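# Examining the three-dimensional arrangement
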Amino acid sequence: MSKINVTIWNEFTHEKQNEYVKSIYPDGLHAAIKKHLDTDENLNVRLAALDDPHQGLPDDVLNSTDVLLWWGHMRHGDVSDDLVARIRRRIISEGMGFIPLHSAHASKIFCSVIGTDGALSWGDDQPEIVWNLLPSHPIASGIPDHFVLELEELYGEPFNIPQPDELVFASWFKNGNIFRSGCCFYRGLGKVFYFQPGHESCRSFHNPYVLKIISNAVYWTAPNKFGVNVPTSCPWIPSVTEKHGI
Ligand code: ZN
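Residues numbered from 1 in each chain as written. Predicted model: local features only at pLDDT ≥ 70, side-chain atom pairs only at ≥ 80, totals over all residues. Heavy atoms only, no water.

### Thoughts on helix 5 (residues 81-92)
Across its twelve residues, helix 5 extends 16 Å between first and last C-alpha, which sits within 8% of the 16 Å expected from 1.5 Å per residue. For helix 5, the full list of buried residues reads Leu 83, Val 84, Arg 86, Ile 87, Arg 90 and Ile 91. Taken around the axis of helix 5, the buried residues stretch over an arc of 165 degrees, which confines them to a single face. Those residues of helix 5 that are exposed and angled more than 90 degrees off the buried face are Asp 81 and Asp 82. On its buried side, helix 5 packs onto helix 4 (59-62), strand 3 (67-71), strand 4 (97-100), helix 6 (108-114), strand 8 (178-187) and strand 9 (190-195). (Helix = DSSP H or I, 4+ residues; strand = E, 2+ residues; numbered from the N terminus. Expected span 1.5 Å × (residues − 1). Buried < 20%, exposed > 50% of the residue type's maximum accessible area, 1.4 Å probe, protein only. Arc of directions from axis to C-beta. Contact = heavy atoms within 4.5 Å.)

### Side note on the layout of surface pockets
Empty space left among the atoms is revealed by rolling a probe the size of a water molecule over them. If you add up the space inside the largest pocket, you get close to 170 Å³. Tyr 20, Val 148, Leu 149, Glu 150, Leu 151, Ser 201, Cys 202, Arg 203, Ser 204 and Asn 207 together form the lining of the largest pocket. Looking at the lining of the largest pocket residue by residue, the classes come out as five nonpolar, three polar and two charged. (1 Å grid on protein atoms, 1.4 Å probe; cavity = no way out; pocket = protein on both sides within 12 Å on 5 of 7 lines; lining within 4 Å. Points joined across faces, edges and corners; volume = space filled by probe spheres on them. Nonpolar A, V, L, I, M, F, W, Y, C, P; charged D, E, K, R; others polar.)

### Some details on the packing of aromatic side chains
The final tally for this structure, using the stated rule, is eleven aromatic pairs. Ring plane angle 70 degrees and centroid distance 6.4 Å describe the contact between Phe 110 and Phe 185, whose orientation is recorded as edge-to-face. Separated by 75 residues along the polypeptide, Phe 110 in helix 6 and Phe 185 in strand 8 bring together distant segments of the chain. Side by side, Phe 110 and Phe 185 carry an identical accessibility label, which is buried. (Phe/Tyr/Trp six-rings, centres within 6.5 Å; stacked < 30°, edge-to-face > 60°.)

Structure follows, in structure tokens:
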């Protein structure tokens, strides 16, 4: 089995500007996720950040990425439209997997790929119960019927997304709000999994179930082998029909 190339992209700004956030994720929240994924020898994991050259994703990195994780919050607008177009093409036309995390619900690339603005209601940090709605789904493998996050930022419905193709997790927050917290979308040749936990001042990327769900999602969103070679136009149709005498 060839390794899956995973790139974890992080805006990587809160961790540099806020001492409390830095105490939770001293090397950035993307590094905490990498530390977990690095325990899997089938994954080849790289980090990328907004302030890196080419906003972290030059062609050679993006084009060799099988699955892209994305965390952004206060600098969505700084991501170049050119980069968004390149990522979108990699997902939809070439089958790259995409895992937007938490506040990536409002990122340019998530909205571009799903087709709505990803708006939601939100509130103070509080206890959250993540419920497993589809235990037979690959992303739910090894996850109990529910687990508790002691503190997460409240995200609530209505969540302005298209109906997910598969809804794997939904969450309840202590003040009564509910939220579709683990949503699968098929977009062209690509697969997308949006996952809600991961506020920068909470500890969710240290939670073993959150990390297990992310690694399951890496495998689920990884491109099928046929995907990357499907042409974007249809010059092959005559040869296929001739081959079969149609
Ligand atoms: Zn947040």
